[in-house]
Amino acid sequence: MSKTSPSRWSIAIHGGAGSMTRDTMDAAATAEHEAALAAALEAGAAVLRGGGSALDAVTAAVAALEDDPHFNAGRGAVFTYHGTNELDAAVMDGATRAAGAVAGITHTKNPVRLARAVMEHGPHVFLSGAGAEDFARDHGVEQVDPDWFATPERWRQLEEMKSKSLGWFDADLKYGTVGAVAVDGEGHVAAATSTGGLTGKRWGRIGDSPLIGAGTYADDRAGAVSCTGSGEQFIRAGVAHEICARIRLAGESAQAAADAVLAEVGAMGGVGGVIVATPAGDTAIAFTTPGMFRGRADYSGVSEVAIFGVH
């Protein structure tokens, strides 16, 4: 089928890669996360099923994940070393390669919606901190008290990290970024990613999630990519763009490109996962961690979520 066939829509989502296994997650936690993933997946799939755009679909899916405290984005974001929640997000439209990104957000309820507002209504791609939230207020993006993002479980994780002097990264290797990629009935792709960063992060650290080309990228000539994992290595490898480049220039399949670039990340000492959607209607999911919260749906009626690895 041609890429413009209206039936070939698809969407994939992730809620973070990490050390989740059947031994470390009980049945209740597993069911809760699967239900949350299914709800976000349906939020995006419903847009595509109704003939909507990939951009609207990924925005809807990621906003749903941001609102769910099971994931490290929006409500339920992890705490910085100083006990605050600082959020990052990005969105990209493969049709035009327009993009918007924000970092260090503390008052905007859905950072992905602010990233989209930056893309659609501002002269820049990337805004941070107080200036980004001035932009949010100027453009009517919903604001909340910072307490909206805070949850007791994330505070407990910070206290545990501090008490054990666990170092700079989340010792449990739960990279709680959320993201979505999609292709719509017109063959256009889009990607969106959102995160609360790393537990105990300091010095205004920003990972790969809001960086166009690192954690988020979309190009109708190749595909759309959203990443989760050890951000420093994903930045250094330019993972999202690198996957698209391999598809576009080397003719690799989405799965082969994803696997190859994650191998590069591994050689740098990093781990994580990616989701990819192509203009032809295909999706690919790859990860090098024991598990990744994930799901996918498409025109054929497929709708599935998963957490653990197949090995």
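A. Examining unusual backbone geometry more closely. Despite not being glycine, R97 has its phi angle at roughly 60°, a positive value. Within the element layout of this structure, R97 appears in the loop between β2 (87-93) and β3 (98-105). Overall, the relative accessible area of 43% leaves R97 in the partly exposed class. A positive phi is found at W203, a non-glycine position, where the angle reads about 65°. The residue W203 is located in the loop between β7 (189-195) and β8 (216-219) in this model.

B. Representation of the pairing of strand β12 (residues 291-298) within the structure. Buried residues dominate β12, accounting for seven of its eight residues. By the bridge criterion, eight bridges tie strand β1 (residues 10-18) to β12 in an arrangement that is antiparallel. Bridge assignment links I13 to a residue of β12, and that residue is G295. Two strands pair when backbone bridges link them, and β12 and strand β13 (residues 303-308) are joined in this way by five bridges, in the antiparallel orientation. Bridging from a neighbouring strand, A297 pairs with S303 of β13. Here β12 folds back onto β13 in antiparallel fashion, the turn holding four residues, of which G301 has a positive phi close to 105°.

C. Up close: the packing of helix α1 (residues 27-49) against helix α2 (residues 54-67). Following both chains from N to C, one finds α1 and α2 inclined at 160°, their axes separated by 8 Å at the closest point. If you check the angle between α1 and α2, you find them roughly antiparallel. Handedness of the crossing formed by α1 with α2: right-handed. Taking contact as the criterion, the partners of L37, A40, A43, G44, V47 and L48 in α1 are, on α2, A54, D56, A57, A60, A61, A64 and L65. A per-class count over the contact of α1 with α2 returns 11 nonpolar, one polar and one charged.

D. View of the packing of aromatic side chains. For the coordinates displayed, the defined rule picks out two aromatic pairs. Judged by centre distance (5.8 Å) and plane angle (80°), the rings of F71 and F293 are edge-to-face. In this pair, F71 sits in the loop between α2 and β2 while F293 sits in strand β12, placing the two residues 222 residues apart along the sequence. F293 shares its class with F71; the two are buried. Ring centres of F79 and W155 lie 5.0 Å apart, and the angle between their planes is 85°; on these two criteria the pair is classed as edge-to-face. Taken together, the residues F79 in the loop between α2 and β2 and W155 in helix α5 (residues 152-164) connect sequence positions 76 residues apart. Seen from the ring of W148, R75 lies directly overhead, with NZ or CZ sitting 4.8 Å from the centre.

Thresholds applied
- Going along each chain's sequence as written, the residues are numbered from 1 onward.
- The predicted origin of the model limits local features to residues at a pLDDT of at least 70 and limits the giving and counting of side-chain atom pairs to 80 or more, whereas totals for whole chains, interfaces and linings rest on all residues.
- Only heavy atoms go into the side-chain values, all of them from the structure, while hydrogens and water stay out.
- The helix count covers DSSP runs of H or I at least four residues long, the strand count covers runs of E at least two residues long, and both are numbered beginning at the N terminus.
- Each residue is placed in one exposure class: buried if its accessible area under a 1.4 Å probe, protein chains only, is under 20% of its type's maximum, exposed if it is over 50%, and partly exposed if it falls in between.
- Any two strands between which DSSP finds at least two bridges are classified as paired.
- Throughout, an axis means a line fitted to C-alpha atoms (over the contacting stretch in the case of helices), and angles, computed between N-to-C directions, take values from 0 to 180 degrees.
- These descriptions rest on fixed angle ranges, namely under 35 degrees for roughly parallel, over 145 for roughly antiparallel, 65 to 115 for roughly perpendicular, and the rest for oblique.
- Left-handed describes a crossing whose near helix is turned anticlockwise from the far helix by less than a right angle; the clockwise case is right-handed.
- Any two residues whose heavy atoms approach within 4.5 Å are treated as being in contact.
- Residue type decides the class: Asp, Glu, Lys and Arg count as charged, Ala, Val, Leu, Ile, Met, Phe, Trp, Tyr, Cys and Pro as nonpolar, and the leftover types, Gly among them, as polar.
- By convention, a stacked pair of Phe, Tyr or Trp rings (six-membered ring in the case of Trp) has centres within 6.5 Å and planes under 30 degrees apart, an edge-to-face pair has planes over 60 apart, and any other such pair is tilted.
- Each ring is checked for a lysine NZ or an arginine CZ that lies within 6 Å of its centre and within 35 degrees of its normal; such an atom marks a charge sitting over the ring.

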